[in-house]
Amino acid sequence: MITSVQNPLVKEIRKLHASKGRREQGFFLLEGTHLLEEACAQNHPLATVCYTSQWQERHPQLWEKVCLQARRVELVSDRVLEAIATTVQPDGAIATAPRSEMQSVATASLGLALETVQDPGNLGTIIRTAAAAGADGLWLSGDSVDLDHPKVLRSSAGAWFRLPMAVTSDLKAEISRCQHQGMQILGTLPDASLTYWEVDLRVPTLIVLGNEGAGLSEDLTNLASLQVRIPLSQGVESLNVAIAAALILYEAQRQRR
């Protein structure tokens, strides 16, 4: 059992809390039983899994799967697990997984493009909602929060492993490619003349959402086939970007049903 927080493995895992550490080491964190279950269900590669004896007793079947799937498993003390976790009360297991190069997303029916989304909780919630609403995939601009930020993983509630996603340095080019393939590009703007339920979302559609504060850039706004707004009561400036994504995604689902 690893009991010292000065153990070299503990120090290496703690570096993954930061974006720099994830880039340098090429790994990211999976915290908690649910994310481990989803990773195993999707056969996602695991590097190192740290777990407590109490967790092993509670989840014997998952522990067996983890032992088969991970390159390394380590029994650790509660104190060590708390030291490597980003959460206040970790539930007994934390894994590292190799970062992968995100490939192109083959969106044909319903997709999302996100520009400069900064809040990891927002991104994780959008991923979870997109998977639940039946979206084909998601593109994220390279200047957004890390796709494998620990809070993004947690907020996605496991949907991170189920939704095809790609980070791109040229979101404009990806949107243009979708447009050339016949997809309707739906830009979200606060002053658009159409509400989001007034457009036909049964056709192949890419929903484009902007930064939490600044909204969509002019370049992406100009690419939109249609621009829509979400009506707000007087005095309310805007909605959270994750809520906006959910409203439009489920309107698309409603129309298609």
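Just so it is clear, the model here is predicted, and its values are computed rather than measured.

*Asks:* Sorry if this is basic, but what is going on with the overall build of the protein here?
*Replies:* What the protein contains, in helices and strands, is 11 helices and 11 strands. Since a compact globule built from 257 residues should have a radius of gyration of about 18 Å, the 20 Å found for the protein is in line with a globular shape. If you line up the protein on its principal axes, its C-alpha atoms span 60 × 35 × 35 Å. Across the 257 residues that make up the protein, the buried fraction comes to 49%. Accessible surface, the protein: about 12400 Å² in total, of which carbon and sulfur atoms supply 47%. Between the mean site of the 23 positive side-chain charges and the mean site of the 28 negative ones, the protein shows a separation of 4 Å.

*Asks:* I would appreciate a short explanation of the nonpolar core in the present structure.
*Replies:* Nonpolar side chains in soluble globular proteins generally cluster together in the buried interior. Membership of the largest hydrophobic core comes to 51 residues, with the highest contact counts inside it found for Leu30, Leu36, Leu46, Leu123, Ile127, Leu138 and Trp160. Per element, the largest residue contribution to this core is 7 residues, and it comes from helix α11 (residues 241-256). Non-local contacts of Leu36, meaning those with residues more than four positions away in its chain, are made with Leu46, Val49, Trp55, Leu62, Val66, Ala93 and Ala95. By size, the runner-up hydrophobic cluster in this structure holds 16 residues, among which are Ala113, Trp139, Ala166 and Leu171.

*Asks:* Looking at this structure, I do not really get the sheet that holds strand β2 (residues 46-51). What am I missing?
*Replies:* Strand order in the open sheet made by the 4 strands is β1-β4-β2-β3, with mixed pairing throughout. Taken across any chain shown, the strands that pair with only one partner, and hence form the sheet edges, are β1 (27-31) and β3 (70-75). Strand-to-strand, the axes of this sheet are offset by a mean angle of 20°, without reference to chain direction. Of the pairings in the sheet, the one linking β1 to strand β4 (residues 93-98) comprises 5 bridges and is antiparallel in character. Residue Glu31 lies in a different strand from β4, and its bridge partner there is Ile94. Across the sheet, helix α3 (residues 33-41) is in contact with β1, β2 and β4; its angle to β2 comes to roughly 150°. Helix α5 (residues 60-69) contacts β2 and β3 of the sheet and is inclined by roughly 130° relative to β3.

*Asks:* When you look at the sheet that holds strand β6 (residues 137-141) in this model, what are you seeing that I'm missing?
*Replies:* Across a sheet, strands are paired by hydrogen bonds formed along the backbone, either parallel or antiparallel in direction. Spatial strand order, β7-β6-β5-β10-β8-β11-β9: 7 strands in an open sheet with parallel pairing. The sheet terminates laterally at β7 (165-168) and β9 (194-195), the two strands that pair on one side only. As defined by bridge partners, β6 adjoins β7 across 4 bridges and the pair is classed as parallel. Each bridged residue has a counterpart across the sheet, and for Trp139 the counterpart in β7 is Ala166. Along the sheet, helix α7 (residues 120-132) makes contact with β5 (110-114), β6 and β7, crossing β5 at roughly 170°.

*Asks:* Explanation requested: α3 in the structure shown.
*Replies:* Since the α-helix packs 3.6 residues into each turn, any two residues three or four apart lie on the same face. Every buried residue of α3 is listed here: Thr33, Leu35, Leu36, Glu38, Ala39 and Cys40. Once α3 ends, the next one or two residues include Asn43, with phi positive near 55°.

*Asks:* Sorry if this is basic, but what is going on with the packing of α3 against α5 here?
*Replies:* Helix-helix packing: each pair is described by the crossing angle between the helix axes and the interaxial distance. Interaxial distance between α3 and α5 falls to 10 Å at its minimum, and their mutual angle equals 55°. Between α3 and α5, the angle falls in the class oblique. The handedness of the crossing between α3 and α5 is left-handed. Residues Thr33, Leu36, Glu37, Ala39 and Cys40 of α3 pack against Leu62, Lys65, Val66 and Gln69 of α5. A breakdown of the residues in the contact of α3 with α5 according to their chemical character gives 5 nonpolar, 2 polar and 2 charged.

*Asks:* Looking at this model, I keep getting lost on the side chain of Arg22. Mind explaining?
*Replies:* With respect to the element layout, Arg22 can be found in helix α2 (residues 19-25). A polar side-chain atom of Arg22 sits 3.0 Å from the main-chain carbonyl oxygen of Leu16. Within the structure, Arg22 has its side chain in polar contact with the side chain of Asp148 (distance 3.5 Å). In contact with Arg22, other than residues within four places in its own chain, are Lys15, Leu16, His17, Phe27, Phe28, Arg99, Asp146, Asp148, His149 and Pro150.

Thresholds applied
- Residues numbered from 1 in each chain as written.
- Predicted model: local features only at pLDDT ≥ 70, side-chain atom pairs only at ≥ 80, totals over all residues.
- Heavy atoms only, no water.
- Helix = DSSP H or I, 4+ residues; strand = E, 2+ residues; numbered from the N terminus.
- Rg over C-alpha atoms; globule rule 2.2 N^0.38 Å.
- Buried < 20%, exposed > 50% of the residue type's maximum accessible area, 1.4 Å probe, protein only.
- Areas by Shrake-Rupley, 256 points an atom, 1.4 Å probe, with all protein chains shown as cover.
- Lys, Arg positive; Asp, Glu negative; His and termini not counted.
- Charge placed at Lys NZ, Arg CZ, Asp CG, Glu CD.
- Core = buried A, V, L, I, M, F, W, Y, C linked by side-chain atoms within 4.5 Å.
- Contact = heavy atoms within 4.5 Å.
- Pairing = 2+ DSSP bridges.
- Axes fitted to C-alpha atoms, helices over the stretch in contact; angles between N-to-C directions.
- Parallel < 35°, antiparallel > 145°, perpendicular 65-115°, else oblique.
- Left-handed = near helix turned anticlockwise from the far one by under 90°.
- Nonpolar A, V, L, I, M, F, W, Y, C, P; charged D, E, K, R; others polar.
- Polar contact = N/O pair within 3.5 Å; in protein donor to acceptor, adjacent residues only side chain to side chain.

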